[in-house]
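What the coordinates show
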Amino acid sequence: MDKTIKEKVSKLYNRDVKESYEILLELETFSDSSDILYRYIDEFIAMLKSDSYLMRVRGFRLVCRQSKWDNDNLINERIDEILSALDDDKPTALRQKLQSLKFVILEKKELFKKIEAKALSIDLSKFKDSMKSLLEKDIKNLLSY
């Protein structure tokens, strides 16, 4: 199983967007029921600095899913670095990241204030009005957890 997981994680870097998205969904499902991906949390955090917005989103979504298994408090220790990924110019990437943060809030209530402060400080003026209203809704939903 571990070799299979390692292969799946490596496929997150695949240029085939459809395949890598399917892998992402599969890995998220694994993360809901097992800590098998927790050992990759540093790799997922490193993905947040990728030039590719798709890689940044995949890493962010998987980091958030590891909250359930983060007994070492790595997310707590690196929350500022993780939240800096919300400074994304791609509104679709930002929406996915905001939606994924619910997993952190649900598992790590002590991080709510930090997440709230960062979410409320996002400069939405750089986005088109249609996206701005969706992002405002995402922030409101996130802060309702």
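Everything below is about the structure shown above.
Let me sum up the structure you'll find in this document. (Residues numbered from 1 in each chain as written. Predicted model: local features only at pLDDT ≥ 70, side-chain atom pairs only at ≥ 80, totals over all residues. Heavy atoms only, no water.)

**Focus on the overall build of the chain**
Selection rule: The secondary structure listing takes helices from DSSP runs of H or I that are at least 4 residues long and strands from runs of E that are at least 2 residues long, numbered from the N terminus. Between buried and exposed lies partly exposed: a residue is buried under 20% and exposed over 50% of the maximum accessible area for its type, with that area taken using a 1.4 Å probe on protein chains only. Residues count as neighbours in contact if any of their non-hydrogen atoms are within 4.5 Å of one another. Here the Shrake-Rupley method, with its probe set to 1.4 Å, supplies the accessible areas, and only the displayed protein chains count as covering residues. Within this scheme the basic residues Lys and Arg register as positive and the acidic residues Asp and Glu register as negative, but His and the chain ends are omitted. To locate a charge, take atom NZ for lysine, CZ for arginine, CG for aspartate or CD for glutamate.
Looking only at helices and strands, the chain has nine helices and zero strands in total. Order of helices (α) and strands (β) in the chain, N terminus to C terminus: α-α-α-α-α-α-α-α-α. Each principal axis of the C-alpha distribution contributes one length, and for the chain these read about 45 × 35 × 20 Å. Across the 145 residues of the chain, 43% fall into the buried class. Of the contacts made within the chain by residues no fewer than 6 positions apart, 69% connect residues no fewer than 24 positions apart. If you sum the accessible surface of the chain, you get close to 7,900 Å²; carbon and sulfur atoms cover 50% of it. Charged side chains in the chain number 28 positive and 27 negative. The centres of these two groups are separated by 3 Å.

**Details of the side chain of Gln-66**
Rules: Any pair of N or O atoms that falls within 3.5 Å is considered a polar contact. Within protein, one atom must be able to donate a hydrogen and the other to accept it, and sequence-neighbouring residues count only if both atoms are side-chain atoms.
With respect to the helices, strands and loops of the structure, Gln-66 is situated in the loop between α4 (53-65) and α5 (74-77). On the basis of relative accessibility, which here comes to 0%, the residue Gln-66 falls in the buried class. A polar contact is formed between the side chain of Gln-66 and the side chain of Ser-31, at a distance of 2.8 Å. Excluding residues that lie within four positions of it along the chain, Gln-66 makes contacts with Ser-31, Leu-37, Tyr-38, Ile-41, Phe-44 and Ile-75.

**Re the packing of aromatic side chains**
For clarity, the threshold we go by: Aromatic pairing here means that ring centres of Phe, Tyr or Trp (its six-membered ring) are within 6.5 Å. Orientation follows from the plane angle: under 30 degrees is stacked, over 60 is edge-to-face, and everything else is tilted.
All chains considered together, the criterion is met by one aromatic pair. On the basis of an interplanar angle of 35 degrees and a centroid distance of 6.4 Å, the ring pair of Tyr-40 and Phe-44 is categorised as tilted. On the basis of relative accessibility, which here comes to 0%, the residue Phe-44 falls in the buried class.

**Quick look at the nonpolar core**
Note the threshold: Put simply, a nonpolar core is a bunch of buried Ala, Val, Leu, Ile, Met, Phe, Trp, Tyr and Cys residues held in one set by side-chain atoms that sit within 4.5 Å of each other.
If you look at the biggest cluster of nonpolar residues, it comprises 42 residues, and the most contacted ones within it are Leu-12, Phe-44, Leu-98 and Leu-101. Counting only elements with at least two residues in this core, the list comes to α1 (2-11), α2 (17-33), α3 (41-47), α4, α6 (79-83), α7 (91-107), α8 (112-120) and α9 (129-142). Non-local contacts of Leu-101, meaning those with residues more than four positions away in its chain, are made with Phe-60, Cys-64, Leu-83, Leu-86, Ile-115 and Leu-142.

**Comments concerning the packing of α7 against α9**
So the rule is basically this: An axis is simply a line fitted to the C-alpha atoms; with a helix, the fit covers only the stretch in contact. Between two such axes, the angle follows the N-to-C directions and lies from 0 to 180 degrees. Roughly parallel refers to an angle under 35 degrees, roughly antiparallel to one over 145, roughly perpendicular to one between 65 and 115, and oblique to any angle outside these ranges. Under the convention adopted here, Pro, Cys and the residues Ala, Val, Leu, Ile, Met, Phe, Trp and Tyr are nonpolar, Asp, Glu, Lys and Arg are charged, and Gly plus all remaining residues are polar.
For the pair α7 and α9, interaxial distance at closest approach is 9 Å and the crossing angle is 5 degrees. The orientation of α7 relative to α9 falls into the category roughly parallel. Here Pro-91, Thr-92, Leu-94, Arg-95, Leu-98, Gln-99, Leu-101, Lys-102 and Ile-105 of α7 come into contact with α9, specifically with Met-131, Leu-134, Leu-135, Asp-138, Ile-139 and Leu-142. Its residues assigned to classes, the contact of α7 with α9 comprises ten nonpolar, two polar and three charged.

**Digging into the pattern of salt bridges**
The criterion, for reference: Take a side-chain nitrogen of Lys or Arg and a carboxyl oxygen of Asp or Glu: if they are within 4 Å of each other, that pair is a salt bridge.
By the definition in use, this model includes 18 salt bridges. Between Arg-65 and Glu-28 there is a salt bridge, with the nearest N and O atoms lying 4.0 Å from each other. Of the two residues, Arg-65 is situated in helix α4 and Glu-28 in helix α2; the sequence distance between them amounts to 37 residues. Glu-28 carries the same exposure label as Arg-65, and that label is buried. Note that Lys-113 and Glu-116 form a salt bridge whose closest N and O atoms lie 3.7 Å from each other. On the criterion of helical spacing, the pair formed by Lys-113 and Glu-116 is a turn pair, its members being three residues apart in helix α8. By relative accessible area, Lys-113 is classed as exposed at 61%.

Any functional reading would require information that these geometric values do not contain.
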